[in-house]
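Descriptive structure summary
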Amino acid sequence: MRIARDLSELRTIRASLDGTFGLVPTMGALHDGHASLIRRATKECDYVGVSIFVNPSQFSPGEDLEKYPRTIRKDFELLEELGVAIVFTPKVDGMYPPGFQTWISVDDVTVPLEGECRPGHFRGVVTVVAKLFNAFQPDKAYFGQKDAQQAVVIRRMIKDLNFQVEPVICPTVREADGLALSSRNAYLNPEQRKAATVLYRALSSARNSYENGEREGDVLRNVMRSVIDSEPLAEAEYVSASDPETLRELQSVKSGSGVLFSMAVRIGKTRLIDNMLLS
Ligand code: PAF
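Rules used throughout
Residues numbered from 1 in each chain as written. Predicted model: local features only at pLDDT ≥ 70, side-chain atom pairs only at ≥ 80, totals over all residues. Heavy atoms only, no water. Near = heavy atom within 4 Å. Polar contact = N/O pair within 3.5 Å; in protein donor to acceptor, adjacent residues only side chain to side chain. Areas by Shrake-Rupley, 256 points an atom, 1.4 Å probe, with all protein chains shown as cover. Nonpolar A, V, L, I, M, F, W, Y, C, P; charged D, E, K, R; others polar. Pairing = 2+ DSSP bridges. Helix = DSSP H or I, 4+ residues; strand = E, 2+ residues; numbered from the N terminus. Axes fitted to C-alpha atoms, helices over the stretch in contact; angles between N-to-C directions. Contact = heavy atoms within 4.5 Å. Expected span 1.5 Å × (residues − 1). Buried < 20%, exposed > 50% of the residue type's maximum accessible area, 1.4 Å probe, protein only. Parallel < 35°, antiparallel > 145°, perpendicular 65-115°, else oblique. Left-handed = near helix turned anticlockwise from the far one by under 90°.

1. Some remarks on the site of the ligand
Taken together, Pro-25, Thr-26, Met-27, Asn-55, Gln-58, Val-128, Asp-147 and Gln-150 make up the full set of residues adjacent to the ligand. Between the ligand and Gln-58 there is a distance of 2.6 Å, counted from an oxygen atom to a side-chain nitrogen or oxygen. Separating an oxygen atom of the ligand from a side-chain N or O atom of Gln-150 is a distance of 2.7 Å. When the ligand is considered free in solution it has 290 Å² of accessible area, and contact with the protein chains removes 89% of it. Class assignment for the residues of the shell around the ligand results in three nonpolar, four polar and one charged.

2. A closer look at the sheet that holds strand β9 (residues 270-278)
Strand order in the open sheet formed by three strands is β7-β8-β9, and the pairing between neighbours is antiparallel. Two strands close off the open sheet at either side, each with one partner strand: β7 (234-242) and β9. Going from strand to strand, the sheet's axes swing by 10° on average, the running direction of each strand aside. Note: β7 against strand β8 (residues 259-267), eight bridges, orientation antiparallel. Residue pairing for β8: Ser-242 is matched across the bridge by Leu-260. Together, β7, β8 and β9 form the strand contacts of helix α9 (residues 198-211), whose direction differs from that of β9 by roughly 20°.

3. Here we look at helix α7 (residues 148-160)
Taking 1.5 Å of rise per residue, 13 residues should cover 18 Å, and α7 covers 19 Å from first to last C-alpha, within 8% of that figure. Of all the residues in α7, the buried ones are Ala-148, Gln-149, Gln-150, Ala-151, Val-152, Val-153, Ile-154, Met-157 and Ile-158. Along its buried surface, α7 packs onto α5 (114-117), α6 (121-136), β5 (140-144), β6 (166-170), β8 and β9. Note on α7: the residue one or two positions beyond its end, Asn-162, has a positive phi of about 55°.

4. Remarks on the environment of Leu-199
Note on placement: Leu-199 falls in helix α9. Residue Leu-199 is classed as buried on the basis of its relative accessible area, which comes to 3%. In this structure the C-alpha to C-alpha distance between Leu-199 and Thr-42, which are 157 residues apart in sequence, comes to 31 Å. Excluding residues that lie within four positions of it along the chain, Leu-199 makes contacts with Met-263, Val-265, Leu-272, Ile-273 and Asp-274.

5. A few points about the packing of α6 against α7
Where α6 meets α7, the axes come as close as 10 Å, and the angle between the chain directions of the two elements is 55°. In this view, α6 runs oblique relative to α7, as classed from their interaxial angle. Every pair of crossing elements has a handedness; the one defined by α6 and α7 is right-handed. On α7, the residues touching Phe-122, Val-125, Val-126, Val-129, Ala-130 and Phe-133 of α6 are Gln-149, Gln-150, Val-153, Ile-154, Met-157 and Ile-158. Residues that form the contact of α6 with α7 fall into these classes: 10 nonpolar, two polar and no charged.

What follows is the structure in structure tokens.
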């Protein structure tokens, strides 16, 4: 495994690799969710590159940029075990040199949900992902369904800017009790960790209602909200039953269109997101 600490090292190493290339962009603090993306990438590509970069531009002021978990030694060990060819760990001024002022913004699909709660978040995400695509020149790039809106936004950006990259969206990995794996789960104390299962319980209730024939958007959203409200440590920022492509709230789910149930919920100070895609 080669470690590139800046763009010029990365370009040199990348140029020496001849074959299909898969990129897994991450912010580190790697867990089994990341490992599942990397395993899929190693199955499908000759070489796999992983970036570890806590991207400041996708955090709003007052969010957890400073305390975001950083476990670089452990991450390197895991990546070595998984057979990754290149790990890229740039510094902030390597990605955002002095005077940086060029941003990519995606319109409609960044407006609702996370976009409404975290202004500027997706501008930071798509800009850094585009820079990583330019640097790695991957054939495929792997992202988790856990960040459902991010997946929609990145697919849009790839199409709109003609990147020759195939996005591969991989299923959410969950703990036995349903909690979606996330680096931010590390912030939860034992009591909050128990309460955090409420996201999966709420999504599962909406799925049950849907499977029992419920198609009204408001009813499905209320099902999720009432499960969250039953958990004293949880506070919903949003619950959504939206069109999986446009991310607009659905009045009713039409046959053939599918539905994305998604939510952001605060457990204490920790903000968790989760979703379920039904087609
Ligand atoms: O999903 C993430 O971890 C980040 O948003 C990403 C895609 C690595 C960009 O910083």
